Amino acid sequence: MMDIRKGMAEGDKVALAKLITMAEDGRRDAMDIIRDMYGKTGGAYLIGITGPPGVGKSTLTAGLARIYSSLGKKVGIIACDPTSPYTGGAILGDRIRMQQLFTDPNIFIRSMGSRGHLGGLSKSTRIAARIMDIFGMDYIFIETVGVGQSEVEIAGTADTTVMVLAPGLGDDIQAMKAGIMEIGNVFVVNKCDRDGAEKTAREIKAMLDFNGDAAWRPQVILTAAQENKGVDDVMDAIGRHMEYIKDSGVFINKRKEHIRDEIMDLAAQSIMCDIMNGLSKEELSNIVDKVANGETDPYTASDRILKTIRYHLNGRDFD
Ligand SMILES: Nc1nc2c(ncn2[C@@H]2O[C@H](COP(=O)(O)OP(=O)(O)O)[C@@H](O)[C@H]2O)c(=O)[nH]1
Ligand SMILES: [Mg+2]
């Protein structure tokens, strides 16, 4: 049995991976470690990378991670995409590019979506980001596929969100709801080695004029991530947005939002544990039978379960 605390403190990526898995499984011992090490949190800056499939999010993320790493920064990547090239399944060139990230001592990659997520993907992402924060990451990238609103929102909870698009996505841009467009703090038109990149950039700028938020005007940057062109411009734009949110108080509010979600996750998890511990398999099976044969309904049954649990909890000391 490896010493996770020691590994976390010494920068061992194996310990980091293990702790994330333990926490995802809702294990108490993982919670205890996070609690004890919580004082180390707060140093990481969260960057969301989102946009439709295939536009080059992973390629751009890899490029950004390499730049930060070369500056001596520690980088975590959370890929909420089961088909991400980080885990194989991609064409050879992409795979080789991604493989280099794994051997970089400053970079740690975690793929989500391959296993079940207790309490949802957004909760798992929050926990993984928190543990990477404790580990001492300077930057954490959260890559999500911007097709589902909920995944876009995961990226949107980051401190800075980069919306990646590519030429020829005119219809996609039109179809994107204003609310989804608003999540982007920096816009990237990747694959600018292809025709139509300027046109796409113009369309995005027109949308931004329409949705104008006076306080922060997102930049629209052309990149060819595959050739590492324009990636440093994206990094500069992220830096400028970071300055803006730190000066304007948005940053502090985002931190509080995360803490609020974290507390609610933990409270919900505790109640769930109490229910699972306070209710035997036989009791549950009896209740199910009663609902099945029409003696009662699920609403009344769940009320009764909660009443019983609360009765048992009354004697507990919460100080
Ligand atoms: N032509 C061109 N292809 C690119 C560029 N960036 C990425 N790609 C390719 O586009 C495909 C999808 O890239 P990927 O990063 O996996 O996209 P994601 O699904 O948004 O994460 C891959 O085959 C990349 O090699 C680029 O700047 N130009
Ligand atoms: Mg990807």
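Please refer to the structure higher up on the page.
The paragraphs below set out a description of the structure included in this document.

Cut-offs and rules
Residues numbered from 1 in each chain as written. Chains lettered and ligands numbered in written order. Predicted model: local features only at pLDDT ≥ 70, side-chain atom pairs only at ≥ 80, totals over all residues. Pairing = 2+ DSSP bridges. Helix = DSSP H or I, 4+ residues; strand = E, 2+ residues; numbered from the N terminus. Axes fitted to C-alpha atoms, helices over the stretch in contact; angles between N-to-C directions. Contact = placed C-beta atoms within 7 Å. Expected span 1.5 Å × (residues − 1). Buried ≥ 20, exposed ≤ 12 C-beta atoms within 10 Å, placed from the backbone. Arc of directions from axis to C-beta.

**Section: the sheet that holds strand β4 (residues 139-144)**
In spatial order, the strands read β3-β2-β4-β1-β5-β6-β7; together these 7 strands make up an open sheet with parallel pairing. Looking along the sheet, the strands with just one partner apiece sit at the ends: β3 (107-112) and β7 (219-222). For this sheet, the mean inter-axis angle between neighbouring strands, taken without regard to orientation, is 20 degrees. Direction of pairing for strand β1 (residues 45-50) relative to strand β5 (residues 160-165): parallel, over a ladder of 4 bridges. When the sheet's bridge partners are listed, Gly48 is paired in β5 with Thr161. Along the sheet, helix α6 (residues 121-135) makes contact with β1, β2 (75-80), β3 and β4, crossing β2 at roughly 170 degrees.

**Regarding helix α11 (residues 231-248)**
Taking 1.5 Å per residue as the helical rise, α11 with its 18 residues ought to reach 26 Å, and the 26 Å between its terminal C-alpha atoms agrees with that figure. Those residues of α11 that sit buried are Val231, Val234, Ala237, Ile238 and His241. Take α11 and look down its axis: the buried residues cluster within an arc of 110 degrees, on one side only. Along α11, the residues that are exposed and aim more than 90 degrees away from the buried face are Asp236, Gly239, Glu243 and Asp247. Those residues of α11 that are buried lie in contact with β1, α4 (57-70), β5, β6 (186-189) and β7. Gly249 sits one or two positions beyond α11 and adopts a positive phi of about 90 degrees.

**Some remarks on helix α10 (residues 197-210)**
With 14 residues, α10 extends 20 Å between its outermost C-alpha atoms, agreeing within 8% with the 20 Å of an ideal straight helix rising 1.5 Å per residue. Turning to α10, its buried residues number three or more, namely Ala197, Thr200 and Ile204. Taken down its axis, α10 places every buried residue within 65 degrees of arc, on the same side. Among the exposed residues of α10, those oriented more than 90 degrees off its buried face are Glu198, Arg202, Ala206, Asp209 and Phe210.

In short, geometric facts, not functional conclusions.
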